[in-house]
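# Geometric and topological summary
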Amino acid sequence: MEEPVTAEQLRARGNALFQAGDHGAALAAYTEALSLSDAASERAVLHRNRAACYLKLEDYTKAEADATKAIEADGRDVKALFRRSQALQQLGRLDQAVSDLQRCVSLEPRNKAFQEALRALGSSMHEKMKTMSCTDSKVEQMFRILLDLDEKDEDKKQKAAQNLIVLAREEAGAEKIFQSDGVRLLMQLLDTAKADLMLAALRTLVGLCSGHRSRTMAVLAELGAPRLSAVLGVEHEQVSLAACNLLHVMFDSLKEGLQKDFRGKEDAVVLDSSRDLKQLIKHLLELLVLEGASAHGRDNALNLLIKVVPRKSPKETNNSLSLWVIDQGLKKILEVGSTVCGSLGSLPVTENSRMSTSVLLSKLYEDLKCDAERENFHHLCEDYVRSWFEGHELLGKLRAIQTVSCLLQGPSEAGNRVLELEGIMDSVLSLCASVCEAHQLVAVEALIHAVDKAKRASFITANGVNLLKEIYKHSERDSIRIRALVGLCKLGSAGGTDFSMKQFAEGSTMKLAKQCRKWLCNEAIDAGTRRWAVEGLAYLTFDADVKEEFVEDKAAMQAMFHLAKSEDRSVLYAVASTLVNCTNSYDHEEPDPQMLELAKYAKQHIPEQHPKDKPAFVKRRVRKLLMAGVVSALACMVKSENPALTNSCRELISRVLLALVEEAEDRGSVVAQGGGKALIPLSLEGTEVGQTKAAQALAKITITSNPEMAFPGERIYEVVRPLVSLLHLQRTGLQNFEGLMALTNLAGISERLRQKILKERAVPMIEGYMFEEHELIRLAATECMCNMAMSKEVQELFLAEGSDRLKLMVLYSGEEDEKLRRAASGTLAMLTALHPPICKRIPQVTVHWLEILQALLLSPSAELQHRGAVVVMNMMAAAREVAEQLIASEMLEILSVLAKDKDKPRVAQAAQESLAHAVAYGLIKPNPGHA
């Protein structure tokens, strides 16, 4: 029995594939050729060619190994020597790389490429050796320059600081600094109290601690938690932020850092990192109530606690850190939340402090696992509120009410509990009429936050509406009126999008919205107050008439977008809510017609859609928002590291972006304004719904845009995981379909992307959808598999024992659905070309294989004919016994006719090659007419 194909044929195929840029497939062809070749010289060439493939695929270890095998066969093989030198250079073994290049130059002294490569490598090696030899002295020199009080050259100092930071980013450099007594010297830089030197020290320490647990523990032992906490609380904003970043890195290293051996002069490091964690957290909690701490330092401490204390996932069973923080520091956290700005002895806070406190409280409450833990949380909150409310006169009542507001914005269940304490609600209502603006602000805000909490809503509707109307009509202060208006907006939006349920008289909602827009555009009013105008619009834009007027007011839209980009991040949720309403991107299900009839019969309320919420109006509103610059505002919101960007807020932004890319013609402008980049983090973090919406938006962009332009550089690889998440069974059919379509586009770009898709374990899910009843999903899965079949790993799957993959692909090639036939036959053409053993397997998977191939060749579609002809050609080339089966059927007659078809040159060419193989096997005699 003859071999299926010769090593020479496989090598030629590999060369063609390599020239075409398909290095993975070329590698597979060379590997198979090696299994068929016994000649030492031929094997050497194949190893050399495989080395070239591995270089392209960036697998330098295997490239070196293959090149070495080629050199062992022929020590004068300059191509193999050159390829090994390239691999060795990438592996960092520069001395060996130089040796190979010198050998190349000695063998071909006139080859300029070899000479240039040797010169460049020699220079690179010299620089590296020079750098390695003087790193110790450089570290010492950098510290000497930075610590020299008499050094006046600021440029010199700045350069030394930057060099130190860059050196610390590399593991070897970080270890060198550490071993050179660097921690003590960095501590001296911190003690200078000079901002630029402190920044250099903190950023260098980040490099030392990143992913290195033992070094982090040593740094903590040397510097001490009190010193780090004190740096976090300094007035200089950049220094405080750098300290926050360092502490975050230290927390990560202590909790999940790489376990690396610690070797150095400080062998005796603390082994129990949990004690270090609690020590750091204890000082952060103390910083919250430290009067001398800066406002932004306090915010940074809150942000750190949000990031490092609660569990990252409910799958983690240990919530002991949250329980410890609640017991040790809940009252300290509430001290920040209860602060009344401007009052005697109040802590310095920013406009974001209370929102950050609410988020932290909410995260801690959500991290509790049982009723007993939640009850303890409630008792601590109630005790704190009572401690201020009873016996502290007016200031105490204000602090108590401010605490209620903070809790209602965070863990609302706890907020409701304290709101029901005796005297609290009465005090809120009475202080709403206070003549003091600061007192009135506290009370009105508490009333507003209580409005949309179910337990108090009916009470407030009965007792608070008239009060809010009076304040709105008669107050002389815009800051008070705007807050009262928000309360009225909340009450007025109780019917949501239900057109038939409106709380206020006709036209009242429009008047409130007009006033909100007026305040929003008034730059004379401070940003903190204008934020409340957005809060009002977030509720009023449930009304479609309000939405329509808002998108016509370009000044108001741009004023809102400007606020979204401002320092005050507490406006993010309100902006996102307003945009969700304007784009109708909330979830709404079409009612069942039968249920509607039953509801009418039972005289139950039936929600009604506003005429201006129909698709045509929504599409027009989306266009208006795009023209006003909504995407850049959303991209800026996503960049925020502030706690105000909660998972709920992320979900709202994802919903809006999905609505913005609904129309294919809008996707280019969304990507151009940063929408594509913003969607990636949204698809990887947040609520499940939010991540899915963002992933679906990414899919829509990937389907209709060039993915390499939409997601340039390494970003394209970050898109794979979100797209694969759309294949999960709990996703909708549309999400499955769009995920498959997007992955099809990516799989057709490069082997690296196909490897990324494989790594995300998408192939089994793609296969599953090939059995889907819905014809479009089945087609999309088959097309995706066609592109994935260019990978060697996927090709092997089609030969796996007990698998029906190949059978399914053959049967799909005979289906009535022409698009499905095209996708399946295209996959077969790809598989039979790249992996010849598949050709021998096809006759074994189904008795209908010949019938299906003949039907393809006789198809009226030229494309199907060509694919069928390529499959037959590959099968004829693969093995004589397969060719015999083909020729023994009506296939010979069909191929003879097709070989003469001048109207279809590609089909004719494939048919002629098939017949040529039959002649070569001696199955048929040559036809002189085909010569």
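Residues numbered from 1 in each chain as written. Predicted model: local features only at pLDDT ≥ 70, side-chain atom pairs only at ≥ 80, totals over all residues. Heavy atoms only, no water.

### Some thoughts on the overall build of the chain
Within the chain one finds 54 helices and zero strands. For the chain, buried positions account for 54% of its 931 residues. As presented, the chain carries roughly 42700 Å² of accessible surface, and 51% of it is formed by carbon and sulfur atoms. (Helix = DSSP H or I, 4+ residues; strand = E, 2+ residues; numbered from the N terminus. Buried < 20%, exposed > 50% of the residue type's maximum accessible area, 1.4 Å probe, protein only. Areas by Shrake-Rupley, 256 points an atom, 1.4 Å probe, with all protein chains shown as cover.)

### Concerning the side chain of Asn352
Take Asn352: it is sitting in the loop between helix H17 (320-337) and helix H18 (353-366). Asn352 sits in the buried class, given a relative accessible area of 7%. Among residues more than four places away in sequence, those in contact with Asn352 are Asp299, Glu567, Asp568, Arg569, Ser570 and Asn642. (Contact = heavy atoms within 4.5 Å.)

### Details of the packing of helix H51 (residues 862-878) against helix H54 (residues 905-920)
Contact geometry of H51 with H54 gives a least axis separation of 9 Å together with a crossing angle of 20°. Here H54 runs roughly parallel to H51, going by the angle between their axes. For H51 against H54, the interelement crossing comes out left-handed. Between H51 and H54, the contacting residues are Ala862, Gln865, His866, Ala869, Val870, Val872, Met873, Met876 and Ala877 on the first element and Arg906, Val907, Ala910, Glu913, Ser914, His917 and Ala918 on the second. (Axes fitted to C-alpha atoms, helices over the stretch in contact; angles between N-to-C directions. Parallel < 35°, antiparallel > 145°, perpendicular 65-115°, else oblique. Left-handed = near helix turned anticlockwise from the far one by under 90°.)

### Some thoughts on helix H2 (residues 23-36)
Under the 1.5 Å per step criterion, the end-to-end length of H2 is 20 Å for 14 residues, consistent within 8% with the ideal 20 Å. Burial of H2 is extensive: eleven of the 14 residues sit out of reach of the surface. If you check which residues of H2 are buried, you get His23, Gly24, Ala25, Ala26, Leu27, Ala28, Ala29, Tyr30, Glu32, Ala33 and Leu34. As for H2, its buried residues are in contact with helix H1 (7-19), helix H3 (40-56), helix H43 (751-759), helix H46 (792-797), helix H48 (818-834) and helix H49 (837-845). (Expected span 1.5 Å × (residues − 1).)

### Remarks on the pattern of salt bridges
On inspection of all chains with the given rule, the structure shows 46 salt bridges. Note that Arg386 is salt-bridged to Asp383, the shortest N-O span being 3.5 Å. With Arg386 and Asp383 both in helix H19 (residues 371-389), this residue pair falls three residues apart, about one helical turn. One salt bridge in this structure joins Lys840 and Glu881, with 3.8 Å as the shortest N-O distance. (Salt bridge = Lys/Arg side-chain N within 4 Å of Asp/Glu carboxyl O.)

### Some points on the nonpolar core
In terms of nonpolar packing, the biggest core is built from 268 residues, with Phe377, Ile653, Leu660, Met788 and Leu886 touching the most fellow members. When sequence neighbours within four positions are dropped, the list of residues in contact with Ile653 reads Ala576, Leu634, Met637, Val638, Leu645 and Leu682. One finds Ala7, Leu34, Leu46 and Tyr60 within the second-largest nonpolar core, a separate group that totals 19 residues. (Core = buried A, V, L, I, M, F, W, Y, C linked by side-chain atoms within 4.5 Å.)

### Let's talk about the confidence of the model for the chain
Overall, the predicted model of the chain reaches an average pLDDT of 83, with 90% of residues at or above 70. Mean pLDDT per element in the chain: helix H32 (residues 593-601) is the minimum at 51, and helix H41 (residues 720-725) is the maximum at 94. Note that pLDDT drops below 50 for residues 495-503; the model gives that stretch 22 contacts with residues more than four away or on any other chain. (pLDDT = per-residue confidence, 0-100.)

### Comments concerning the packing of aromatic side chains
Enumeration over the complete set of coordinates arrives at two aromatic pairs. Ring centres of Phe82 and Phe114 lie 5.3 Å apart, and the angle between their planes is 40°; this geometry places the pair in the tilted category. One end of the pair, Phe82, is in helix H5 (residues 78-90); the other, Phe114, is in helix H7 (residues 112-147), with 32 residues separating them in the sequence. Pairing Tyr365 with Phe377 gives two aromatic rings, centres 5.1 Å apart and planes at 65°, and the pair type is edge-to-face. Of this pair, Tyr365 sits in helix H18 while Phe377 sits in helix H19, placing them twelve residues apart in sequence. Accessibility expressed as a relative area gives 9% for Tyr365, which makes it buried. Positioned over the ring face of Phe389 is Lys397, at 5.0 Å from the centre of the ring. Seen from the ring of Tyr717, Arg752 lies directly overhead, with NZ or CZ sitting 3.9 Å from the centre. (Phe/Tyr/Trp six-rings, centres within 6.5 Å; stacked < 30°, edge-to-face > 60°. Lys NZ or Arg CZ within 6 Å of the ring centre and 35° of its normal.)

### Brief notes about a negative patch on the surface
Taken together, the side chains of Asp153, Glu154, Asp155 and Asp196 present a region of like negative charge at the surface. Among the secondary structure elements, Asp153 is positioned in the loop between H7 and helix H8 (154-169). (Patch = residues over 30% accessible without salt bridge, like charges linked within 9 Å, V, L, I, M, F, W, Y side chains within 5 Å. Lys, Arg positive; Asp, Glu negative; His and termini not counted. Charge placed at Lys NZ, Arg CZ, Asp CG, Glu CD.)

### Remarks on the packing of helix H42 (residues 733-747) against helix H45 (residues 775-788)
Here H42 crosses H45 at 20°, and the two axes come no closer than 8 Å. The orientation of H42 with respect to H45, classified from their angle, is roughly parallel. Considering the relative orientation of H42 and H45, their crossing is left-handed. Residues Gly733, Phe737, Leu740, Met741, Leu743, Thr744 and Ala747 of H42 form the contact with H45, whose own contacting residues are Leu776, Ile777, Ala780, Ala781, Glu783, Cys784, Asn787 and Met788. Taken together, the residues that form the contact of H42 with H45 break down as eleven nonpolar, three polar and one charged. (Nonpolar A, V, L, I, M, F, W, Y, C, P; charged D, E, K, R; others polar.)

### Some remarks on the environment of Arg50
Among the secondary structure elements, Arg50 is positioned in helix H3. Taking relative accessible area as the criterion, Arg50 reaches 12% and is therefore assigned buried. Considering only alpha carbons, one finds Arg50 and Ala26, 24 residues apart in sequence, at a separation of 8.1 Å. In this structure Arg50 touches Leu27, Tyr30, Thr31, Leu34 and Asp66, once residues within four positions along its chain are discounted. A distance of 3.2 Å separates a polar atom in the side chain of Arg50 from a polar atom in the side chain of Thr31. (Polar contact = N/O pair within 3.5 Å; in protein donor to acceptor, adjacent residues only side chain to side chain.)

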